[in-house]
Amino acid sequence: MEVRIDPSWKHLLQEEFDKPYFGQLAEFVRGEYVRNPCYPKGSEIFAAFSHCSPRELKAVLIGQDPYHGPGQAHGLCFSVRDGLAHPPSLINIFKEIEADTGSAYPESGNLERWAKQGVLLLNATLTVRASEAGSHQNKGWETFTDAVISRLSETRSGLVFLLWGGFAKRKAGLIHKGRHHILQSGHPSPLSANRGLWFGNRHFSQANHILEGQGKQPIRW
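In this report, we go over the structure that sits alongside the text.

A word on the sheet that holds strand β6 (residues 181-185). Strand pairing within a sheet occurs via backbone hydrogen bonds; the two strands may be parallel or antiparallel. The strand order across the open sheet formed by four strands is β3-β2-β5-β6, and the pairing between neighbours is parallel. A strand with exactly one partner marks an edge of an open sheet, and here the two such strands are β3 (119-123) and β6. When the angles between neighbouring strand axes are averaged without regard to direction, this sheet yields 20°. Sheet analysis places strand β5 (residues 160-164) next to β6, joined by five bridges and oriented parallel. Within β6, the residue paired with Leu162 across the bridge is Leu183. Contacts from helix α8 (residues 203-213) reach β5 and β6 within the one sheet, and its direction differs from that of β6 by about 175°.

Structure follows, in structure tokens:
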């Protein structure tokens, strides 16, 4: 597995790449991609780190697993390529943005536009076997992505962390609460949203209010 990652991120995370667990993870991923259809394609595994440098970062959104359907995953959590149907969680995200900010529901589910504005769209696990949700969990990815969160917490200040659902909320312990802002709610999946745990969280306007208070440009959600 070739680590194709922006030099600024590579500098921040080099210590992790040099650890034995990451070598074992890389070997596992290489084998999986040889033996099975896996997502996203190899060149997009680290796509979340391709659109802005750590210094340009404004917010961090934490997902769990890449989409495991054909052509959906492209390295950004919750995002799908242009022209693809929006998955249920993404539909609910866009509905909340519409209600919260007044922005029109978008045609494209491609969230690169967020990433380019300084939103790190980070799945806890960066790869998955086709049609097998969670198939690459507990192989080392979570160790790596937890380290990403911890390093950002240590080296940056004023970031907005968006933690949606129980899995993401457990990452709060990695974040220095005196240096950063944490917004938590239920997950945007239909199961959670239909129980009243998602809609009305107003995280998008809240995040922008926090950023504007720091003199930063708000995110065009």
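Next up on the list: the packing of helix α3 (residues 88-101) against α8. One way to put it is that α3 packs onto α8 with a least axis distance of 8 Å and a crossing angle of 60°. The angle between the axes of α3 and α8 places the two elements in the oblique class. Residues Ile93, Glu96, Ile97, Asp100 and Thr101 of α3 form the contact with α8, whose own contacting residues are His203, Phe204 and Ser205. Across the contact of α3 with α8, the residue classes tally to three nonpolar, three polar and two charged.

Taken N-terminus to C-terminus, the directions of helix α1 (residues 7-17) and helix α5 (residues 141-155) make an angle of 130°; their axes are 10 Å apart at the nearest point. When the axes of α1 and α5 are compared, the pair comes out oblique. For the crossing formed where α1 meets α5, the hand is right-handed. Residues Trp9, Leu12, Leu13, Glu16 and Phe17 of α1 form the contact with α5, whose participating residues are Thr143, Phe144, Ala147, Val148, Arg151, Leu152 and Thr155. Considered class by class, the residues forming the contact of α1 with α5 number eight nonpolar, two polar and two charged.

Rules and cut-offs
- Residues numbered from 1 in each chain as written.
- Predicted model: local features only at pLDDT ≥ 70, side-chain atom pairs only at ≥ 80, totals over all residues.
- Heavy atoms only, no water.
- Pairing = 2+ DSSP bridges.
- Helix = DSSP H or I, 4+ residues; strand = E, 2+ residues; numbered from the N terminus.
- Axes fitted to C-alpha atoms, helices over the stretch in contact; angles between N-to-C directions.
- Contact = heavy atoms within 4.5 Å.
- Parallel < 35°, antiparallel > 145°, perpendicular 65-115°, else oblique.
- Nonpolar A, V, L, I, M, F, W, Y, C, P; charged D, E, K, R; others polar.
- Left-handed = near helix turned anticlockwise from the far one by under 90°.

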